[in-house]
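Remarks on the overall topology
Single-letter residue listing:
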Amino acid sequence: MKKKKIRCFKIYESIGNSTYNYEIIIPLKSGWCNNTLVTCKNCGELFVIDWENPATENLSILDIAGSSVCPTCQSQLKDIVASYPHTIRVSEGVFGSFNESGITHSNVQTEVLEFYELRPRLEQRE
Ligand SMILES: [Zn+2]
């Protein structure tokens, strides 16, 4: 699975489960950039989906991730992929959740991070 670099910022918030000041990574959305993150619920690996890729049009996260195997824990992603940060794996069997919809993107310090990129299956054959 290839990796993709995207520009993100980090926030530190409560994510439930008595977990406070937890680091949450939010992809920066601007212009042609529309990346979202999903997570492997088994090991917590994060993946990026680039919704500006025309091949992702009308597909769900499951459509895109369903045929892939997590490179970190070798699990079939179709059973364990979840949208992030709605689902955050804190540790074994412990999950937090954060709603990013109210987060503003102005005046944040951004950085470029690298994630495995989930792409639709047809494209993976390239
Ligand atoms: Zn995994």
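Reference entry: report on the structure contained in this document.

Let us now look at the overall build of the protein chain. What the protein chain contains, in helices and strands, is three helices and eight strands. The secondary structure elements of the protein chain, listed N-terminal to C-terminal, are β-β-β-β-α-α-β-β-β-β-α. In terms of overall dimensions, the protein chain is globule-like: its C-alpha atoms have a radius of gyration of 14 Å, near the 14 Å expected for 126 residues. Per-residue burial over the protein chain gives 19% buried out of 126 residues. Excluding contacts between residues fewer than 6 apart, the proportion of contacts in the protein chain whose partners are at least 24 apart in sequence is 61%.

Turning to the pairing of strand β8 (residues 110–117), a few remarks are in order. Taken together, the seven bridges between strand β1 (residues 3–13) and β8 define a ladder with antiparallel strand orientation. Across the sheet, the residue bridging to Lys4 is Phe115, located in β8. In this sheet, β8 lies alongside strand β4 (residues 46–50) in parallel orientation, the contact comprising two bridges. In the sheet register, Val48 faces β8, and the bridge partner there is Glu117.

Before going further, it helps to examine the nonpolar core. Counting 17 residues, the largest nonpolar core has Leu37, Val38, Phe47, Val48, Ile49, Ala65 and Leu118 as the members making the most contacts within it. Counting residues per element, the ones that place at least two in this core are β3 (35–40), β4, α1 (61–65) and β5 (81–84). Sequence-distant contacts of Leu37, that is, excluding residues within four places in its chain, are made with Ile25, Pro27, Leu46, Phe47, Val48, Tyr84 and Phe115.

Right, let's talk about the sheet that holds β3 for a bit. Strands sit in the order β2-β1-β8-β4-β3-β5 across an open sheet of six strands; the sheet is mixed. The outermost strands of the open sheet, each flanked by one partner alone, are β2 (22–27) and β5. Going across the sheet, the axis of each strand differs from the next one's by a mean of 55 degrees, ignoring polarity. Where β1 lies against β2, six bridges are found, and the strand directions are antiparallel. If you follow Cys8 over to β2, its bridge partner there is Pro27.

Cut-off values and rules
- All residue numbers refer to positions counted from 1 along the written sequence of the respective chain.
- This being a predicted model, a pLDDT of at least 70 is required before a residue's local features are given, and a value of 80 or more before pairs of side-chain atoms are given or counted; all residues contribute to the totals for chains, interfaces and linings.
- The helix count covers DSSP runs of H or I at least four residues long, the strand count covers runs of E at least two residues long, and both are numbered beginning at the N terminus.
- Computation of the radius of gyration draws on C-alpha atoms alone. For the globule rule, the value is 2.2 Å times the number of residues to the power 0.38.
- Residues are called buried when their C-beta atom has 20 or more other C-beta atoms within 10 Å, exposed when it has 12 or fewer, and partly exposed otherwise; all C-beta atoms are positioned from the backbone.
- This entry defines residue contacts through backbone-placed C-beta atoms, with two residues in contact when those atoms are within 7 Å.
- Strands were regarded as paired on the criterion that DSSP finds at least two bridges between them.
- Core membership is restricted to buried Ala, Val, Leu, Ile, Met, Phe, Trp, Tyr and Cys residues, and these are joined into a nonpolar core through C-beta atoms within 7 Å.
- Here, axes are lines fitted to C-alpha atoms. For helices the fit covers the stretch in contact, and angles between N-to-C directions go from 0 to 180 degrees.

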